Structure formats: C-alpha cells, structure tokens
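Coordinate inspection notes
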Amino acid sequence: MAPAITTLAADAPQLSAANTGFMLICSALVMLMTPGLAFFYGGMVRVKSSLNMLMMSFISLGIVTILWVLYGFSLAFGTDSGSLIGWSSDYVGLSGIGLTELWDGYTIPVYVFAVFQLMFAVITPALISGALADRVKFSAWVLFTGLWVSLVYFPVAHWVWGAGGWLFEMGVIDFAGGTAVHINAGAAALGVILVIGKRVGFKKDPMRPHSLPLVMLGAGLLWFGWFGFNAGSWLGNDDGVGAVMFVNTQVATAAAMLAWLAYEKVRHGSFTTLGAASGAVAGLVAITPSGGSCSPLGAIAIGAIAGLLCAMAVGLKYRFGYDDSLDVVGVHMVGGVVGSLLVGFFATGGVQSDAKGLFYGGGLEQLGKQAIGVFAVLAYSLVASALLAFLLDKTIGMRVTEDDEVSGIDQVEHAETAYDFSGAGGGAAGRSTAAPAPAPLAAKKVDA
C-alpha cells in the first residue's frame, strides 16, 4: 500500500464531505481553464490559425487524462524513488484505490486529489502551444504532448509536490505551480521554438490578434478558474490558508493588470485590451507559487512587479530573434520565475508555513531555495523539451510546409475554417424568407 493512503488508526483524519465537495468544485474550475486558455490563445492568432490553436489546447484534455490514469499519477505522486520519480502499483490505472481512502494527512479521498492534480497536468502542455502557433503539425503536437508530460511534467511534479521529491524535501515553496506548471511550460516553449524556428514573415508581416473579444473572454475564464487552481491547492478549507490564497489571487491579478497597462501607456501611448488580458494572466502566474506565503499587501507588490517585468519581457523576442508567437516565455516563464523568487522576499512566515523571506527577517535562506527550484526546473525542461522537439523534427517532422503555413493551417490540418461567411452575402440565398424585400429605390442605389 502506498504511504500516501491513510490507515484506519483512531486518530487518522476522517473524510470531510465539505472539503471533498469543495475540491471537486475546484477541480472543475481548473478544468475550465483549459477551454479558457484555448479561447485566449485562439483569439490572439490570425483567423487562418484560430481553430488549430483551439485544438492544440483542447486535445490535452484527451491525451493527458488517459496517460494520467494509466501511469501519470503513479509517476508524479507514487512512492518516491531516489527523490526523482514516484511509482505505486495501486495508482496504475487508479485501480488499487478504495472509495473512501484518504490522501495522506488530508480529509479528501485519493480519487479527489488525483482528479484535481490531473487538471494541472492537462493545462501545462496546453500552455506551451501558444508559443508554437501557426506552424506545427497537429499529429506532431499530439505525439509531443504525450511524450512531454511523460518525460518532463510527471517527474517535475514529483520533484516539487511529491513526498520525497528533492525540491519538496529541500523546502522550495510552490503553492500551486509556479515551477511545476508555469516555468516548466515556459521553458519548454523556449526549447521547442529554438528548434523549430520562426514563422514565415516573423518581424515582417503583421500578425495581430484576429479577435480581441475572444481574448478577453478567455482571460476572464482563466481568471475565474484560477481561484480553483490556487485556493484549491491547500486541499481543504479548515484553517484559512486557502481563503488567503483566494484573496491574494484577486489582489495580485488586479495589480498586475494595472501595472501592465501603465507600462503600455508610458511606452506605447495606449491602454489596450490585449495588455489588460495579458497583464491579468501575468499576475495570476506570479501569485500562483507565492500567494500562500504572503500577505495581501505583499500580493499587490508581487502582482505589480510581475505585470511590469512581463510587459517588458514580451519584447525580448524581437531583440533576440526567437519567435514566441503568443508570449508564453514572456508571461509564463518570466512570471513564474518572478513569483517563485519573490517568495524569498515576501514570505511572512504566518500563512502556509513558518518560512520567512528577506523582508520579514528570514535572511537569504528561502530565496536561495527558491532560486535552486526555479533554475533546476527551467534548465531540465528547456533541455529535455528541445531534445524531444529535435528528435520529432528529424523523424516525423514538426512543421507544416511553408506553403501550408501561408495558406492557413486550419484548412490544412483540420479541413475547417473558424468562420463561415458563405451565407452572409447578398442575394436571395443570403436573405431570410421572412425579411421584407428591399425597396426598388434602395435596390437601384445598391446597383449603382
């Protein structure tokens, strides 16, 4: 029996219906984030790539779910082996888990913990996809997703959150995924785009978002779902820590959005909707690792710093020449690094743990631990993802042809288009039979 499953001792925690229900709701909220991400990314690309972008996020719900049940949960949260990976036969296929067996030290069933963590595993490779917009074969992306979660995400999740994982045992604080999710995905995105190269027309052709309303809808769904992502990561509602994380999530996101917009106004002269959405996401990313260790005032500072630095970072792709299509590196990798490192400054020692940051008399110890966690995950994900992309590119090929990229990846890969205007033109075919016919004078004016 895996050590994470409780015994029937008299003093063992008892199943809490309230915490179980709360965690199931949080799991559903985190699931909603992946379709939200699909809309966020889908609106940011050109219209000829929008369906492909939606599918690159959506397909993760299928692939990762199956792999998680088969072996992913066991690798990530099974009995530790060498502080690098887990494995428990009871977790293979989720077949050896009793209905009411509890996650070790908590009042929720193992099944509930497994499905909550599943939703984290689902969204992480979907985050990578935004950097690769317009140019990757869908079949190659499907294969990459399955291999990447198996070789990168599952081990890193064990390092950070698994009992016995080396970063967990070191005392690295990552409340809800700054390293395991955001730095992991952002570094992977950088590794892959360095292998597959730039889009046709990068730095030359306009590549503006085709639907900013979709972007705002996606950002709103992400913001909403992120409350489950963050507050749910305490796995219960008994001591107020989850409530603090909920408040800090809102506070930091608001501060980051305002900071990004202020930077835009000073730098470019305008407050943009894309900037508001991107700033909000940057704040959500930064508070994810840090929100369980700081006060609301600290959350304001973390959000504002992240909003400013991420806004500055998105322009680095033009300076250094890497084509990060939708700023995954600038928002998720940089935001994750900022939020994780700022734990070493803003941890109060009075929320999730007694670890204190520099500003609260803790010295540099926690900052050093955070830095080790940040750069270990970043380096591993960057190198492993680049090697994986290189192998796939040299075997099955990662990119569509240049002609297919120019004509539109939606038609080539999915045989569909996002918007069908065939019924929107003039003539009898385009009019409802219930609509009155236009006056003769109006018709003559149109003909003229």
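Summarised in this report is the structure supplied together with it. Fair warning: this is a prediction, and the values are worked out from it, not measured in the lab.

Tracing the backbone shows Phe22 in helix 1 (residues 17–44). On the basis of relative accessibility, which here comes to 22%, the residue Phe22 falls in the partly exposed class. Along the primary structure Phe22 and Ile108 are separated by 86 residues, whereas in three dimensions their C-alpha atoms are 9.6 Å apart. Every residue in contact with Phe22, bar those within four places of it in the chain, is listed here: Ala231, Gly232, Gly236 and Asn237.

Right, let's get into helix 3 (residues 110–129). In a regular helix each residue adds 1.5 Å, so 20 residues correspond to 28 Å; helix 3 covers 30 Å between its end C-alpha atoms and thus fits that length. Burial of helix 3 is extensive: 18 of the 20 residues sit out of reach of the surface.

On to empty space enclosed by the protein, then. Applying the stated criterion across every chain, the model contains one cavity of 30 Å³ or more. Considered as a void within the structure, the largest cavity measures approximately 60 Å³ in volume. Where the lining of the largest cavity is concerned, the elements lending two or more residues are helix 1, helix 9 (273–290) and helix 12 (328–346). Of the residues contributing to the lining of the largest cavity, the split by class is seven nonpolar, two polar and one charged.

The next subject is the side chain of Thr348. The residue Thr348 is located in the loop between helix 12 and helix 13 (365–395) in this model. Given the relative accessible area of 18%, Thr348 is considered buried. If we ignore the near neighbours within four places in the chain, the residues touching Thr348 are Ser293, Cys294, Ser295, Ala355, Lys356 and Tyr360.

Remark: helix 1 packs on helix 3, axes separated minimally by 9 Å, with the N-to-C direction vectors making an angle of 10°. Taken together, helix 1 and helix 3 sit at an angle that is classed as roughly parallel. For the pair helix 1 and helix 3, the contacting residues are Thr20, Met23, Leu24, Cys26, Ser27, Val30, Met31, Met33, Thr34, Leu37 and Tyr41 in the first and Val112, Val115, Phe116, Met119, Phe120, Val122, Ile123, Ala126, Leu127 and Ser129 in the second. When its residues are assigned to classes, the contact of helix 1 with helix 3 shows 17 nonpolar, four polar and no charged.

We now examine the layout of surface pockets. Estimated volume of the largest pocket: approximately 1000 Å³. Lining the largest pocket are 35 residues, and of these Leu274, Val314, Lys317, Tyr318 and Asp327 lie nearest its centre. Looking at the lining of the largest pocket, the elements that each hand over two or more residues are helix 8 (241–268), helix 9, helix 10 (296–313) and helix 11 (316–320). Ranked by residue count, the leading element in the lining of the largest pocket is helix 8, at five residues. Taken together, the residues of the lining of the largest pocket break down into 15 nonpolar, eight polar and 12 charged. Put simply, the second largest pocket is a space of about 870 Å³.

The next point concerns the pattern of salt bridges. Counted under the stated rule, the structure contains six salt bridges. The shortest N-O distance in the salt bridge between Asp134 and Arg199 comes to 3.2 Å. Taken together, the positions of Asp134 in the loop between helix 3 and helix 4 (138–161) and Arg199 in the loop between helix 6 (178–196) and helix 7 (212–231) put the pair 65 residues apart, joining distant regions of the chain. Overall, the relative accessible area of 3% leaves Asp134 in the buried class. Salt-bridge contacts for Asp327 lead to Lys317; the nearest nitrogen and oxygen are separated by 2.9 Å. In this pair, Asp327 sits in the loop between helix 11 and helix 12 while Lys317 sits in helix 11, placing the two residues 10 residues apart along the sequence. Like Asp327, the residue Lys317 is buried in the burial classification. Overlapping salt bridges bring together Arg46, Asp134, Arg199 and Asp323 as one network.

A separate point is the side chain of Asn184. Here Asn184 is to be found in helix 6. Those residues in contact with Asn184 that lie beyond four places of it in its chain are Trp148, Val152, Tyr153, Val156, Thr179, Val377 and Ser381.

Further remarks concern helix 8. Here helix 8 contains 28 residues, and its C-alpha end-to-end distance of 39 Å stays within 8% of the 40 Å for a straight helix at 1.5 Å per residue. Phi turns positive one or two residues past the end of helix 8, at Gly269, with a value near 90°.

Conventions and cut-offs
- Residues numbered from 1 in each chain as written.
- Predicted model: local features only at pLDDT ≥ 70, side-chain atom pairs only at ≥ 80, totals over all residues.
- Heavy atoms only, no water.
- Helix = DSSP H or I, 4+ residues; strand = E, 2+ residues; numbered from the N terminus.
- Buried < 20%, exposed > 50% of the residue type's maximum accessible area, 1.4 Å probe, protein only.
- Contact = heavy atoms within 4.5 Å.
- Expected span 1.5 Å × (residues − 1).
- 1 Å grid on protein atoms, 1.4 Å probe; cavity = no way out; pocket = protein on both sides within 12 Å on 5 of 7 lines; lining within 4 Å.
- Points joined across faces, edges and corners; volume = space filled by probe spheres on them.
- Nonpolar A, V, L, I, M, F, W, Y, C, P; charged D, E, K, R; others polar.
- Axes fitted to C-alpha atoms, helices over the stretch in contact; angles between N-to-C directions.
- Parallel < 35°, antiparallel > 145°, perpendicular 65-115°, else oblique.
- Salt bridge = Lys/Arg side-chain N within 4 Å of Asp/Glu carboxyl O.

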